[in-house]
Amino acid sequence: MHAMSTEPRVPIATSAQGAASSWGLGDGQAIPWEYAPAPEARDIVTLKERYGLFIGGREVQASDGGTFATVDPATELVLADVAKATPEDIDKAVRAARRAGSRSWGNLPGRERAKYLFRIARIMQERSREFAVLESMDSGKPIKESRDVDVPLAAAHFWYYAGWADKLEYAFPGRTAHPLGVAAQIIPWNFPLLMLAWKIAPALAAGNTVVLKPASTTPLTALLFADVCQQADLPPGVVNIVPGPGAVGMSLVTHKGVDKVAFTGSTEIGRLIAKGVAGTDKGLTLELGGKAANIVFDDAPLDQAVEGIINGIYFNQGEVCCAGSRLLVQESIAETLIDKLKDRLSTIRVGDPLDKNTDVGAINSRAQLEKITKLVQSGVDEGAELYQPACDLPERGYFFRPTLFTNVAQSHRIAREEIFGPVLSVLTFRTPDEAIEKANNTAYGLSAGIWTDKGSRILHMVSKMRAGVVWANTFNRFDPTSPFGGYKESGFGREGGMHGLYAYVRLEDR
Ligand code: NDP
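Residues numbered from 1 in each chain as written. Predicted model: local features only at pLDDT ≥ 70, side-chain atom pairs only at ≥ 80, totals over all residues. Heavy atoms only, no water.

Some points on the packing of aromatic side chains
Under the defined criterion, the tally for this structure stands at 14 aromatic pairs. Seen in terms of ring centroids, Trp198 and Phe484 are 5.2 Å apart; in terms of plane orientation they differ by 65 degrees. Their pairing is edge-to-face. With Trp198 in helix H6 (residues 192-205) and Phe484 in the loop between strand S18 (469-472) and strand S19 (491-492), this pair connects stretches of sequence that are 286 residues apart. The pair Trp198 / Phe484 is uniform in exposure class, with both members buried. An aromatic cluster of three or more residues is present, and its members are Trp198, Trp471, Phe475, Phe478 and Phe484. (Phe/Tyr/Trp six-rings, centres within 6.5 Å; stacked < 30°, edge-to-face > 60°. Helix = DSSP H or I, 4+ residues; strand = E, 2+ residues; numbered from the N terminus. Buried < 20%, exposed > 50% of the residue type's maximum accessible area, 1.4 Å probe, protein only.)

Points about the packing of helix H2 (residues 110-126) against helix H4 (residues 143-164)
Two numbers describe how H2 lies on H4: the axes approach to 8 Å, and their chain directions differ by 165 degrees. On the basis of the axis angle, H2 is roughly antiparallel to H4. The two elements H2 and H4 cross, and the hand of that crossing is left-handed. Residues Ala114, Leu117, Phe118, Ile120, Ala121, Arg122, Met124 and Gln125 of H2 lie in contact with H4, whose contacting residues are Val151, Ala154, Ala155, Phe158, Trp159, Tyr161, Ala162 and Gly163. Within the contact of H2 with H4, the residues separate by chemical class into 13 nonpolar, two polar and one charged. (Axes fitted to C-alpha atoms, helices over the stretch in contact; angles between N-to-C directions. Parallel < 35°, antiparallel > 145°, perpendicular 65-115°, else oblique. Left-handed = near helix turned anticlockwise from the far one by under 90°. Contact = heavy atoms within 4.5 Å. Nonpolar A, V, L, I, M, F, W, Y, C, P; charged D, E, K, R; others polar.)

A short note on helix H12 (residues 366-381)
When the terminal C-alpha atoms of H12 are compared, their 22 Å separation across 16 residues agrees well with the 22 Å that a helix rising 1.5 Å per residue should span. Turning to H12, its buried residues are Gln368, Leu369, Ile372, Leu375, Val376, Ser378 and Gly379. Contact partners of the buried residues in H12: strand S14 (385-387), strand S15 (403-406), helix H13 (413-416) and strand S16 (423-429). At the C-terminal side of H12, Gly383 shows a positive phi close to 105 degrees. (Expected span 1.5 Å × (residues − 1).)

As for the site of the ligand
Within the structure, the ligand sits among 28 residues, and Ile187, Trp189, Ser216, Ser266 and Lys371 are positioned closest to it. Gly265 is positioned with one of its backbone polar atoms (N or O) 3.3 Å from a nitrogen atom of the ligand. Within the contact set of the ligand, an oxygen atom lies 2.6 Å away from a side-chain nitrogen or oxygen of Ser266. Here the ligand loses 84% of its free accessible area of 860 Å² to cover by the protein chains. The residue inventory of the shell around the ligand, partitioned by class, reads 15 nonpolar, ten polar and three charged. (Near = heavy atom within 4 Å. Polar contact = N/O pair within 3.5 Å; in protein donor to acceptor, adjacent residues only side chain to side chain. Areas by Shrake-Rupley, 256 points an atom, 1.4 Å probe, with all protein chains shown as cover.)

Looking at the pairing of strand S10 (residues 260-264)
Of all five residues in S10, five are buried, a share of seventy percent or more. The side-chain alternation of S10 yields two buried faces, one formed by Lys260, Ala262 and Thr264 and the other by Val261 and Phe263. Bridging between strand S7 (residues 182-186) and S10 involves four bridges; their strand directions are parallel. For Ala183, the partnering residue across the bridge sits in S10 and is Lys260. Looking at chain direction, S10 and strand S11 (residues 283-287) are connected through five bridges and run parallel. (Pairing = 2+ DSSP bridges.)

Some details on unusual backbone geometry
One non-glycine residue with positive phi stands out, namely Asn316, at about 55 degrees. You can see Asn316 is positioned in the loop between helix H10 (302-314) and strand S13 (326-330). Since its relative accessible area comes to 1%, Asn316 is described here as buried. One non-glycine residue, Lys488, adopts positive backbone phi at about 50 degrees. Tracing the chain through its elements places Lys488 in the loop between S18 and S19. We classify Lys488 as partly exposed; its relative accessible area is 38%.

Section: the sheet that holds strand S1 (residues 50-51)
Strand-to-strand pairing in sheets goes through backbone hydrogen bonds, with the strands running parallel or antiparallel. Spatial strand order, S1-S5-S4: three strands in an open sheet with mixed pairing. Since the sheet does not close on itself, it has two edges, and those belong to S1 and strand S4 (67-72), each with one partner. The pairing of S1 with strand S5 (residues 77-83) spans two bridges and is classified as parallel. Bridge pairing links Tyr51 to Val82 in S5. Running over the sheet, helix H3 (residues 128-139) touches S4 and S5 and is turned about 100 degrees from S4. Strand contacts of helix H7 (residues 220-231): S1, S4 and S5, with the helix running at about 55 degrees to S5, the strand carrying the most contacts.

As for the confidence of the model for the protein
Looking at the protein as a whole, the pLDDT averages 94, with 94% of positions reaching at least 70. Predicted confidence is poor over residues 13-23, with pLDDT under 50, and the contacts of this stretch with residues over four places away or in other chains come to 22 contacts. (pLDDT = per-residue confidence, 0-100.)

Topic: the sheet that holds S18
The strand order across the open sheet built from seven strands is S14-S15-S16-S13-S12-S17-S18, with neighbouring strands paired in mixed fashion. In this open sheet, the two strands that pair with only one neighbour each are S14 and S18. Between one strand axis and the next, the sheet turns through 20 degrees on average, direction left out of account. Seen against the sheet, H12 touches S14, S15 and S16 and runs at an angle of roughly 25 degrees to S15.

See below:
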């Protein structure tokens, strides 16, 4: 039965908040003045006490009435209770999606599907501040990132794929593209709304219907998206949203009515999902972890590189699958670059995600904070040298200081394992060949960065790098037109761009 969680919770229908606190620079730092608090007003968001599942175009409670609490990681207060789907609910959602595919959505010409996608994109833009504030409250990411990156990019994916919906014959010349059917989509907590958009927009553009399971720590923007689907008059059952634990995710993956599975998350769960799909004819795309090398040559514009390195690893608290978590720096400039990085680190502002000046917000969950803490301790124990700027962390909430490790060996856990936190490991190299060897010396292969003045060197390095995305003289740039995906244990399949459509169509020669 449903029992409202008794944990401390945020007031519902919040009014504009006072200054959260002065998340400031600590003592002894270079800048002698302090930013005034600039908290984003929260009253744009009307939190419900309890959220349901979204099945067949309606909000429904879980079949057994079960719920779970979702928590604001910056305050540790409960934001809301959310219905916890059961296998029975998953069955209902898959059936609703199948019905919508065979009746309404499946029979619509591409230009009609496009109209819905355009409408969703426009509504997302209209409600962008609501999405951004809610995303920051539920995930802990800084408002300037949810406002300027997550939400605009999510809307851009709908705009982009809306454009393809009536042009599939040009995307696949000489072949007819048929939808696969019902797509089961499981997404993580680091970019909740953006990952939803990466998954739902191409699936719908190609004529599929969807059952999506958001991560348990961040279900709220997916449920707000359900509201957008209703506002856009999307036919019932085309999109279904079923929050619930991992086990429910697995019952979705293994449901017989599912034709395609798309997963973003850890390599460990990716393996389980691949096993769950093995022996069936379901399509599968996996976007898993990463341990990207950000490589800086001695001819690189260093100040620009410093910004790229900082953005590469401290963006979204480093909870980014393609984060530049290994810095490979040419030996001759290592000292200078590390000094510059330490200087820059001392100006990073850690604190309230809803403060517009915050650079690094809260870690998504207590479990993730514990994982980061453990891995950082392993770095110290294995002999790497730790540097953290002096900065005051808020008393409550899951916060972690931006961290930089020097004297890192390739064998250290902090150089091999995905930390998924604001932790940079610095290694050095002498020659381009050594850089290539070290960069590729990882089980992962999602992304990489190269900083150099020479175009020919960029092209040479790109051709040797076993990484799905390689950024040159920049990092963490995303665009809906550009495909994204990995090699090796980072998974397979591509999302974004025209390539992203392949995962959702069956092609027939004309
Ligand atoms: P998971 O891979 O467990 O979570 C991703 C999604 O999969 C969530 O929706 C989760 O649900 C769901 N899930 C969990 N177990 C199963 C299962 N057996 N079958 C189907 N779906 C399942 O990531 P974690 O949240 O546990 O994070 C652990 C680590 O994974 C991080 O520290 C990080 O290193 C890595 N990670 C990588 C991501 C990436 O984008 N590459 C994203 C997130 C994490 P639920 O939330 O209910 O558990």
